[in-house]
Amino acid sequence: AQKITQTQPGMFVQEKEAVTLDCTYDTSDPSYGLFWYKQPSSGEMIFLIYQGSYDQQNATEGRYSLNFQKARKSANLVISASQLGDSAMYFCAMSLGGYQKVTFGTGTKLQVIP
Amino acid sequence: AAGVIQSPRHLIKEKRETATLKCYPIPRHDTVYWYQQGPGQDPQFLISFYEKMQSDKGSIPDRFSAQQFSDYHSELNMSSLELGDSALYFCASTYSTGTSAGNTIYFGEGSWLTVV
């Protein structure tokens, strides 16, 4: 069984600063995918970034990058140049691939301060 | 680009009533998932379908059932509704055939169910 751990229930960041949201995972399966989703107060679950277990390079999508450290089983999300619109709940998640379900962490609530 | 479409976006039902949620996956996606997210909780997996067959089952109550149709849309049927069923229900989809190390899974905007 896979498990995702997010140890930061809430975080504050100053506007225009960078912030790192922590995520560790546990699985014995060599094939897996790691995801980050953003959930604003309106409720929708927005896909941000994906990292496959066999990917050699860290994933990047605009201001989002995933710091993938396979040996440490961590997949931290880095948001550069934070904006007020980044205030939301952020979920780290994992899937074992194919049609396997996504398992979520407990989330980190990020608040961007002007 | 087309996204996962869920309907209705909001519904209010009374206890013991029945509700049906619909999900239209992204075109060419072959896998659909249903999740339930209670207030302040992370999404909990309910059930999934791959190529119209049930592929996995999570903590779905016996009062709930779901299916995926020939056009790949899916419906979640909830009967004998209880106050505790009030939650945000997500449908998600992906194309999983032939993939191994994960594949991007996209979520719909969710359906808010309130049971009164």
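In case you missed it, the structure is sitting above this.
Residues numbered from 1 in each chain as written. Chains lettered and ligands numbered in written order. Predicted model: local features only at pLDDT ≥ 70, side-chain atom pairs only at ≥ 80, totals over all residues. Heavy atoms only, no water.

Enquirer: Would you explain the overall build of chain A in this entry?
Expert: Within chain A, the secondary structure is distributed over zero helices and 12 strands. Listing the helices and strands of chain A from first to last along the sequence gives β-β-β-β-β-β-β-β-β-β-β-β. The C-alpha radius of gyration computed for chain A amounts to 14 Å, which stays within 12% of the reference 13 Å derived for 114 residues, consistent with globular compactness. For chain A, the spread of C-alpha atoms along the three principal axes comes to 40 × 25 × 20 Å. (Helix = DSSP H or I, 4+ residues; strand = E, 2+ residues; numbered from the N terminus. Rg over C-alpha atoms; globule rule 2.2 N^0.38 Å.)

Enquirer: For this particular structure, what's the right way to read the pattern of salt bridges?
Expert: Side chains that differ in charge, positive against negative, can pair when their charged atoms come close. Residues and elements named next belong to chain A. Overall, the coordinates contain seven salt bridges over all chains when judged by the stated rule. The residue K73 makes a salt bridge to D26 at a minimum N-O spacing of 3.5 Å. With K73 in the loop between β8 (64–69) and β9 (74–79) and D26 in strand β4 (residues 24–26), this pair connects stretches of sequence that are 47 residues apart. With relative accessibility at 42%, the residue D26 sits in the partly exposed group. (Salt bridge = Lys/Arg side-chain N within 4 Å of Asp/Glu carboxyl O. Buried < 20%, exposed > 50% of the residue type's maximum accessible area, 1.4 Å probe, protein only.)

Enquirer: How do you make sense of the nonpolar core when you look at a structure like this?
Expert: Side chains that are nonpolar tend, in soluble globular proteins, to be buried together. Core analysis: the largest hydrophobic core is formed by 26 residues, its most contacted members being A:L34, A:W36, A:I49, A:L77, A:Y90 and A:L110. At the level of elements, β2 (10–14), β3 (19–21), β5 (33–39), β6 (46–52), β8, β9, β10 (88–95) and β12 (108–113) of chain A are the ones that each hand at least two residues to this core. Top contributing element to this core by residue count: β10(A), with four residues. In this structure, A:L110 is in contact with A:M11, A:V13, A:V19, A:I79, A:D86, A:S87, A:A88 and A:Y90, ignoring residues within four places of it in sequence. B:L11, B:A19, B:Y89 and B:L113 belong to the second largest nonpolar core, which has 22 residues in total. (Core = buried A, V, L, I, M, F, W, Y, C linked by side-chain atoms within 4.5 Å. Contact = heavy atoms within 4.5 Å.)

Enquirer: I keep staring at the packing of aromatic side chains and nothing clicks. Help me out?
Expert: Centre-to-centre distance and the angle between the planes together describe a pair of aromatic rings. Using the criterion set out here, one finds 15 aromatic pairs over all chains in the structure. Between B:F90 and B:F107 the ring centres are 5.9 Å apart and the planes differ by 85 degrees, which places this aromatic pair in the edge-to-face class. Of this pair, B:F90 sits in strand β9 (residues 87–94) while B:F107 is found in strand β10 (residues 106–107), placing the two residues 17 residues apart along the sequence. According to the relative accessible area criterion, B:F107 is buried, its value standing at 9%. Here the aromatic residues A:F35, A:Y37, A:F47, A:Y50, A:F91, A:F104, B:Y35, B:F45, B:F90, B:Y106 and B:F107 are joined through ring pairs into a cluster of three or more. We note A:R63 situated over the ring of A:Y64; from NZ or CZ to the ring centre the distance is 5.7 Å. (Phe/Tyr/Trp six-rings, centres within 6.5 Å; stacked < 30°, edge-to-face > 60°. Lys NZ or Arg CZ within 6 Å of the ring centre and 35° of its normal.)

Enquirer: Is there a simple way to explain the interface of chain B and chain A in this structure?
Expert: By a widely used convention, the size of an interface equals the accessible area lost when the partners come together. With 26 residues of chain B in contact, the opposing surface of chain A contributes 27 residues. Summed over both sides, the interface of chain B with chain A buries roughly 2000 Å², with 61% coming from carbon and sulfur. In this structure, the connection of chain B to chain A is made through one salt bridge. In this structure, A:K101 engages B:D56 in a salt bridge whose closest nitrogen and oxygen atoms are separated by 3.4 Å. Looking at the side of chain B that touches chain A, the elements that each hand over two or more residues are β4 (31–37), β5 (44–50), β6 (53–57), β9 and β10 of chain B. Residue contributions to the side of chain B that touches chain A peak at four residues, all from β4(B). Broken down by class, the residue content of the side of chain B that touches chain A amounts to 12 nonpolar, 11 polar and three charged. (Buried area = accessible area lost by both parts, 1.4 Å probe. Nonpolar A, V, L, I, M, F, W, Y, C, P; charged D, E, K, R; others polar.)

Enquirer: I would appreciate a short explanation of the layout of surface pockets in the present structure.
Expert: The rolling of a water-molecule-sized probe over the atoms marks out the regions of remaining empty space. Considered as a void within the structure, the largest pocket measures approximately 390 Å³ in volume. Lining the largest pocket are 21 residues, with A:Q39, A:P40, A:S41, B:Q37 and B:G40 sitting closest to its centre. Elements with a minimum of two residues in the lining of the largest pocket: β10 and β12 of chain A together with β9 of chain B. Per element, the largest residue contribution to the lining of the largest pocket is three residues, and it comes from β10(A). Classifying every residue of the lining of the largest pocket gives nine nonpolar, 10 polar and two charged. (1 Å grid on protein atoms, 1.4 Å probe; cavity = no way out; pocket = protein on both sides within 12 Å on 5 of 7 lines; lining within 4 Å. Points joined across faces, edges and corners; volume = space filled by probe spheres on them.)

Enquirer: Sorry if this is basic, but what is going on with the pairing of β6(B) here?
Expert: Every regular strand shows the same layout, with side chains that alternate between the two sheet faces. Residues and elements named next belong to chain B. In this sheet, β6 lies alongside β5 in antiparallel orientation, the contact comprising four bridges. Across the sheet, residue I47 finds its bridge partner in β6, namely K57. Taken together, β5 and the strand that follows it, β6, pair antiparallel across an intervening segment of two residues, in which E51 is found at a positive phi of about 50 degrees. (Pairing = 2+ DSSP bridges.)

Enquirer: What exactly am I supposed to notice about the side chain of A:S31 here?
Expert: Mapping A:S31 onto the fold places it in the loop between β4 and β5. A polar atom in the side chain of A:S31 sits 2.7 Å from the side chain of A:Y54. (Polar contact = N/O pair within 3.5 Å; in protein donor to acceptor, adjacent residues only side chain to side chain.)

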